[in-house]
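# Topology and contacts: notes
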Amino acid sequence: MNEEQRLAGQVPLAKEKDYSQYFQSVYTPPSLKEAKKRGKEEIFYHVDFAIDEQYRGMGVGRKFYIRTFGCQMNEHDTEVIAGILVGLGYESTNDVKDADVVLLNTCAIRENAENKVFGELGHYKSLKIDRPDMLIGVCGCMSQEESVVNKILKTYDQVDMVFGTHNIHRLPSILNEAYLSKEMVVEVWSKEGDIIENLPRVRKGSIKGWVNIMYGCDKFCTYCIVPYTRGKERSRRPEDIIQEVRQLAAAGYQEITLLGQNVNAYGKDFEDGEYRLGDLMDELRKIDIPRIRFTTSHPRDFDDQLIEVLAKGGNLVDHIHLPVQSGSTEILKIMSRKYSRESFLELVSKIKRAIPNVTLTTDIIVGFPNETEEQFEETISLYKEVGFDMAFTYIYSPREGTPAARMQDNVSMEVKKDRLQRLNTVVNGLSAEALKPYKGKVVNVLVEGESKRNKEVLSGYTEKSKLVNFRAPACVIGKIVQVRITDAKSWSLDGEYIGILEEEKVMS
Ligand code: 5AD
Ligand code: SF4
């Protein structure tokens, strides 16, 4: 397909593609080795997803339950899975015992995420004995790992089907196979599929929406399993993204988050490679929707054009999540992050110069193989130097098949835990500090609903993702309101409701 055809929307239809290379039967297990390959094959855009006539009505009178683990990408996939199931006639239930189809949408990023899934699967053993007609499925990133599928095959015979991240759109036929087959249905593609537009979706909530802008990751940071479980970088076409955001705006959504494993690589895979995230954001900011965020970005691809566009402000929020992982150039090198402490700090200065009010948050891994005390302290000092508002912090978890998992490691778990605790003390201290200046100020809050702790209080988030609790009538849920901050706690702000923010003010 050439660029002209692409822009004219002349994309090959799904049925033109022969998928026989991916699966021969109901048993197609994953292979990390295959998943690692980065072929030059063209990515096809399919615009004609439809549920096959033969499967329609499959779910009538039946209910489904999905439990989602992990990141926003999984949350987003769950919305698509739910959309397909509803299209088949199934109804959603929040009670697993009441469900006819139970799906675990899994996360492979760290061992403890995987353990949670195996624990949950263990609980389903008795459920399946009570309800032998119930179908139990495992999907998401863990399904893409050979070791996981082997373990499920060997130990978890309560599981009826396993499918991966690249073939969610094949769920109707996978379910059909599972109803017919006595064997576990395993269909996992190790080679990424194409981009399928118009998949049905049941969005969770009507205030904030996810919009996927790209799939996969080509960065291959040495600790990370994602490039294997999510395949190579594939960008959705700008026109499809813009249309989706417009539809969400028209439906009254107040905030959208553009999603991708590495959103800064957006557009790199297009033929000319010239249309990038900055261009996309520049178009999206003109859409009448109050807030636009993106996650997650890689410092390496964060270009000047993007910074320039973000500096235009408006509905592009001044909060950037920029995972640094470590403050030590040596560790960053072994992680294959392809930037140094110095170049990261330079990028931060550039962003701060362009967007003086910017809030930065990050991800950090401690206890990477052979991390020394000095290298760990460099992470602490970088954290303070940047003045991050918040961080997600993790102890390094070896992932089978990744280069880091093969490295000798001389750091004990005790030391790793101690480092995490010391880092968290710094992170929590700075988070609380960042909230103090809000006292007495007026902020704009997107009201999400009742506070989890106190039903009489409403809560929501500022543009900079600060949690605010306040009393106001329930009719403001879903709106952006002004709140005067009266108290800054360690994790959240308390305030007094002033009133609904006029639309003009939000957009100015
Ligand atoms: N161990 C610990 N943390 C990890 N992350 C990714 N892979 C690993 C791993 N093997 C963290 C990174 C990433 C976040 C989503 O998860 O910090 O940014
Ligand atoms: Fe994993 Fe690195 Fe890709 Fe992020 S950029 S998903 S950490 S490989």
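Criteria and cut-off values
Residues numbered from 1 in each chain as written. Chains lettered and ligands numbered in written order. Predicted model: local features only at pLDDT ≥ 70, side-chain atom pairs only at ≥ 80, totals over all residues. Heavy atoms only, no water. Helix = DSSP H or I, 4+ residues; strand = E, 2+ residues; numbered from the N terminus. Expected span 1.5 Å × (residues − 1). Buried < 20%, exposed > 50% of the residue type's maximum accessible area, 1.4 Å probe, protein only. Phe/Tyr/Trp six-rings, centres within 6.5 Å; stacked < 30°, edge-to-face > 60°. Lys NZ or Arg CZ within 6 Å of the ring centre and 35° of its normal. Near = heavy atom within 4 Å. Polar contact = N/O pair within 3.5 Å; in protein donor to acceptor, adjacent residues only side chain to side chain. Areas by Shrake-Rupley, 256 points an atom, 1.4 Å probe, with all protein chains shown as cover. Nonpolar A, V, L, I, M, F, W, Y, C, P; charged D, E, K, R; others polar. Pairing = 2+ DSSP bridges. Axes fitted to C-alpha atoms, helices over the stretch in contact; angles between N-to-C directions. Contact = heavy atoms within 4.5 Å. Core = buried A, V, L, I, M, F, W, Y, C linked by side-chain atoms within 4.5 Å. Domains from an automatic or database assignment. Buried area = accessible area lost by both parts, 1.4 Å probe. Salt bridge = Lys/Arg side-chain N within 4 Å of Asp/Glu carboxyl O.

This part takes up helix α3 (residues 72-87). Here α3 contains 16 residues, and its C-alpha end-to-end distance of 23 Å stays within 8% of the 22 Å for a straight helix at 1.5 Å per residue. In terms of residue burial, α3 counts as a mostly covered element, since twelve of its 16 residues are buried. Those residues of α3 not exposed but buried are Met73, Asn74, His76, Asp77, Thr78, Glu79, Val80, Ile81, Ala82, Gly83, Ile84 and Leu85. Just past α3, the residue Gly89 takes up positive phi, approximately 105 degrees.

Here the structure, examined in full by the defined rule, presents eleven aromatic pairs. Seen in terms of ring centroids, Tyr223 and Phe368 are 6.3 Å apart; in terms of plane orientation they differ by 85 degrees. Their pairing is edge-to-face. Residue Tyr223 is located in the loop between β11 (214-215) and α7 (226-229), and its partner Phe368 is located in the loop between β16 (359-366) and α13 (373-386); the two are separated by 145 residues in the primary sequence. Phe368 shares its class with Tyr223; the two are buried. By way of ring pairs, the aromatic residues Tyr339, Phe344, Tyr383 and Phe388 are connected into one cluster. Here the guanidinium or amino end of Arg110 rests over the ring plane of Tyr394, the centre of that ring lying 3.6 Å away. A cation sits over an aromatic face here: Arg237 above Tyr45, 5.1 Å from the ring centre.

Our next topic: the site of ligand 1. Looking at ligand 1, the residues that line it are Ile109, Arg110, Tyr223, Gln325, Asp363, Ile365, Tyr394, Ile395, Tyr396, Ser397 and Arg399. One of the backbone N or O atoms of Tyr223 is found 3.0 Å from a nitrogen atom in ligand 1. Here Asp363 contributes a side-chain N or O atom positioned 2.7 Å from an oxygen atom of ligand 1. A total of 410 Å² of accessible area belongs to ligand 1 in isolation, and the protein chains cover 87% of it. Looking at the shell around ligand 1, the elements with two or more residues in it are β16 and β17 (390-395). Taken together, the residues that form the shell around ligand 1 break down as six nonpolar, two polar and three charged.

Looking now at the sheet that holds strand β15 (residues 319-321). Spatially, three strands are ordered β15-β16-β17 in an open sheet, and the strand pairing comes out parallel. Here the strands that pair on one side only, and so sit at the sheet edges, are β15 and β17. Averaged over all adjacent pairs, the angle separating strand axes in this sheet is 10 degrees, with direction ignored. Inspection of the sheet shows β16 paired to β17 by six bridges, in the parallel sense.

Before going further, it helps to examine helix α14 (residues 413-435). Here α14 spans 33 Å end to end across 23 residues, near enough to the 33 Å set by a 1.5 Å rise per residue. Tucked inside the fold, the buried residues of α14 contact β16, α13, β17, β21 (480-488) and β22 (493-500).

Bringing the environment of Tyr461 into the picture now. Counting through the fold element by element, Tyr461 comes out in strand β19 (residues 458-461). Tyr461 sits in the partly exposed class, given a relative accessible area of 30%. Sequence-wise, Tyr461 and Val447 are 14 residues apart; in three dimensions their C-alpha atoms are separated by 6.9 Å. Residues in contact with Tyr461, not counting those within four places in the same chain, are Lys208, Arg291, Asn444, Val445, Leu446, Glu448, Lys466 and Leu467.

Okay, the site of ligand 2 next. Every residue near ligand 2 is listed here: Cys217, Lys219, Phe220, Cys221, Tyr223, Cys224, Val226, Pro227, Gln261, His298 and Arg337. In terms of residue class, the shell around ligand 2 is built from seven nonpolar, two polar and two charged.

With that out of the way, let us pick up the nonpolar core. Inside soluble globular proteins, nonpolar side chains tend to come together where they are buried. In this structure, Met281, Phe302 and Ile320 are the most contacted members of the largest nonpolar core, which totals 71 residues. Shared between two domains, this core holds at least three residues of each, these being domain 2 (205-317) and domain 3 (349-436). Each residue touching Met281, except ones within four places of it in the same chain, is listed here: Leu258, Ile292, Phe294, Leu306, Val309, Leu310 and Leu316. If you look at the next biggest cluster of nonpolar residues, it comprises 32 residues, including Val96, Met142, Ile225 and Tyr228.

Bringing the domain arrangement of the chain into the picture now. Annotation of the chain at the domain level lists domain 1 (3-187), domain 2 (205-317), domain 3 (349-436) and domain 4 (439-500). A straight line from the C-alpha centre of domain 3 to that of domain 4 covers 29 Å. Contact with domain 3, which involves ten residues of that partner, is made by nine residues of domain 4. Between domain 3 and domain 4, a total of about 730 Å² is buried, with carbon and sulfur atoms accounting for 55% of that surface. In terms of surface lost to domain 4, no three residues of domain 3 exceed Thr359, Leu435 and Lys436, which account for 61% of the buried area on that side. One can count one salt bridge joining domain 3 with domain 4. Residue Asp389 is joined to Lys466 by a salt bridge in which the shortest nitrogen-to-oxygen separation is 2.4 Å. Between domain 3 and domain 4 we count four residue pairs in polar contact (both at pLDDT 80 or more) in total. Take the side of domain 3 that touches domain 4: its biggest share by element is five residues, from α14.

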